[in-house]
Amino acid sequence: MSKSDKSAILLIYTGGTIGMKESGHGLVPFDFSQILGEVPELQKFTFKIDSYTFDPLIDSSDVEPGMWKDLAMLIREKYDDYDGFVVLHGTDTMAYSASALSFMLEGLGKPVIFTGSQLPVGSLRTDGKENLVSAVEVASAKDANGRAMVPEVAIYFNSQLLRGNRATKVNATAFNAFRSPNCPPLAEAGISIRYNKAMIRYPATTVPLCIHTELDTRVAILKVHPGITEQVARNVLLGSGIRAVIIETYGSGNAISKPWFTDIIRESTASGKILLNITQCLAGDVNMNLYATGKALKEAGVVSGSDITTEGGLAKLFYLMGEYADNEKVKRLLEKNLRGEISK
Ligand code: ASP
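The sections below set out a description of the structure shown in this document. (Residues numbered from 1 in each chain as written. Predicted model: local features only at pLDDT ≥ 70, side-chain atom pairs only at ≥ 80, totals over all residues. Heavy atoms only, no water.)

**A short note on the overall build of the chain**
Helix and strand content of the chain: nine helices and 18 strands. Split into buried and exposed, the 344 residues of the chain put 53% on the buried side. For the chain, restricting intrachain contacts to residue pairs at least 6 apart in sequence, the fraction spanning at least 24 positions comes to 75%. Of the roughly 15000 Å² that the chain leaves accessible, carbon and sulfur atoms contribute 50%. Taking the average location of the 36 positive side-chain charges in the chain and that of its 38 negative ones, the two points are 5 Å from each other. (Helix = DSSP H or I, 4+ residues; strand = E, 2+ residues; numbered from the N terminus. Buried < 20%, exposed > 50% of the residue type's maximum accessible area, 1.4 Å probe, protein only. Contact = heavy atoms within 4.5 Å. Areas by Shrake-Rupley, 256 points an atom, 1.4 Å probe, with all protein chains shown as cover. Lys, Arg positive; Asp, Glu negative; His and termini not counted. Charge placed at Lys NZ, Arg CZ, Asp CG, Glu CD.)

Take a look at the structure:
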């Protein structure tokens, strides 16, 4: 599909429910021409929309960092040819992929909008058409000075545009599958699309796009819970082949105050591991100064994740550890706001 105009959008199809159909043994992705056939509305845009299809198409449960690398390299390769990018992606890991790309694409000056749907685009009540059409509109939107309205990695879903590295999937069945509880939407679509310009991050100057594809994935996630055993905590926090552990804590960053737990935490940080404290709560942030149970973690050298999501924290660790061999440097940068992933 191709129309001559100044704007141009690249639709990147990776798979996901939006493009799935029944195969006899469950939903599987089908090819892009069928999506275009189901959404003739795309023909009404007056600008050029090209497409790129990943091979193989996947259910996003199978996403691996290698695909993020391919995505980042594709965007860099096509960066000068398009005004914006729309990534069709399964919802299950969309927040992980959007978080990863936000760190991998440094100096981004063009929109990279992830979208997908809860119902296949071919089904009668699909949410896929509106999501896709509006994501294209957002990706092509410019301000009065001709700058991209949203030069960020974002997720468009169910009338909301969310910063990619603040979003999380909160509903497995409803159309409003995503939320970013610690960050207001970057835009909301009603009769018109209202952009929340105060929240959108614009690059300060024209910096070239720089992609980072070296990711170190030696991260484990430990969710604290009543009844967690010393052996389980020990296996994860002192495990070999693990460079960093995200500790999903209670409330404002609290964990078990029992000496055995604090001892393992101390042993883990002393061995050089990076421990990142992220709250299990959907909203709010980690404050390790509030309760004695949090203070013990801080004193043991645990880094505060502030109000980052687990998806954002994981992606930030992959990226920083891929960039830097020095764990102390990684820890310092974890506390800095690099891509709008934390509020401070
Ligand atoms: N399992 C699907 C996927 O993530 C779910 C979806 O797209 O909504 O690819």
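**So, the packing of helix α2 (residues 65-78) against helix α3 (residues 94-104)**
Axis separation between α2 and α3 bottoms out at 10 Å; the angle between their running directions is 50 degrees. Regarding the angle of α2 to α3, the classification is oblique. Between α2 and α3 lies a crossing of right-handed hand. For the pair formed by α2 and α3, the contact residues are Trp68, Lys69, Leu71, Ala72 and Ile75 on the first element and Tyr96, Ser97, Ala100, Leu101 and Met104 on the second. A breakdown of the residues in the contact of α2 with α3 according to their chemical character gives eight nonpolar, one polar and one charged. (Axes fitted to C-alpha atoms, helices over the stretch in contact; angles between N-to-C directions. Parallel < 35°, antiparallel > 145°, perpendicular 65-115°, else oblique. Left-handed = near helix turned anticlockwise from the far one by under 90°. Nonpolar A, V, L, I, M, F, W, Y, C, P; charged D, E, K, R; others polar.)

**Quick word on the environment of proline 29**
Within the secondary structure, proline 29 is located in strand β3 (residues 27-29). Sequence separation between proline 29 and alanine 204 is 175 residues, and the spatial gap between their C-alpha atoms is 40 Å. Setting aside its immediate chain neighbours within four residues, proline 29 contacts Tyr13, Gly15, Gly19, Met20, Leu57, Ile58 and Asp59.

**Considerations on the packing of α3 against helix α8 (residues 310-323)**
Contact pair α3 / α8: the axes reach a minimum separation of 8 Å and the direction vectors enclose 40 degrees. Judged on the interaxial angle alone, α8 and α3 are oblique. Seen from above, α3 lies across α8 with right-handed handedness. Of α8, the residues touching α3 (which contributes Ala95, Tyr96, Ser99, Ala100 and Phe103) are Glu311, Gly312, Leu314, Ala315, Lys316 and Tyr319. Of the residues contributing to the contact of α3 with α8, the split by class is seven nonpolar, two polar and two charged.

**Some points on the nonpolar core**
In this structure, Ile12, Leu101, Leu105, Val112, Phe114 and Leu317 are the most contacted members of the largest nonpolar core, which totals 56 residues. With residues near it in sequence (within four places) discarded, leucine 101 still touches Trp68, Leu71, Ala72, Ile75, Phe114 and Val153. (Core = buried A, V, L, I, M, F, W, Y, C linked by side-chain atoms within 4.5 Å.)

**Some remarks on the pattern of salt bridges**
Under the defined criterion, the tally for this structure stands at 15 salt bridges. For arginine 243, the salt bridge goes to aspartate 216, with nearest N and O atoms at 2.9 Å. Placement of arginine 243 in the loop between α5 (230-237) and β16 (244-249) and of aspartate 216 in the loop between β14 (210-211) and β15 (219-223) is noted, with a sequence separation of 27 residues between them. Judged on exposure class, the residue arginine 243 and its partner aspartate 216 are both buried. Between arginine 266 and aspartate 263 there is a salt bridge; the shortest N-O distance is 3.3 Å. Taken together, the residues span about one helical turn, with arginine 266 and aspartate 263 both in helix α6 (residues 259-270) at a distance of three residues. Look at aspartate 263 and you get partly exposed, because its relative accessible area is 41%. (Salt bridge = Lys/Arg side-chain N within 4 Å of Asp/Glu carboxyl O.)

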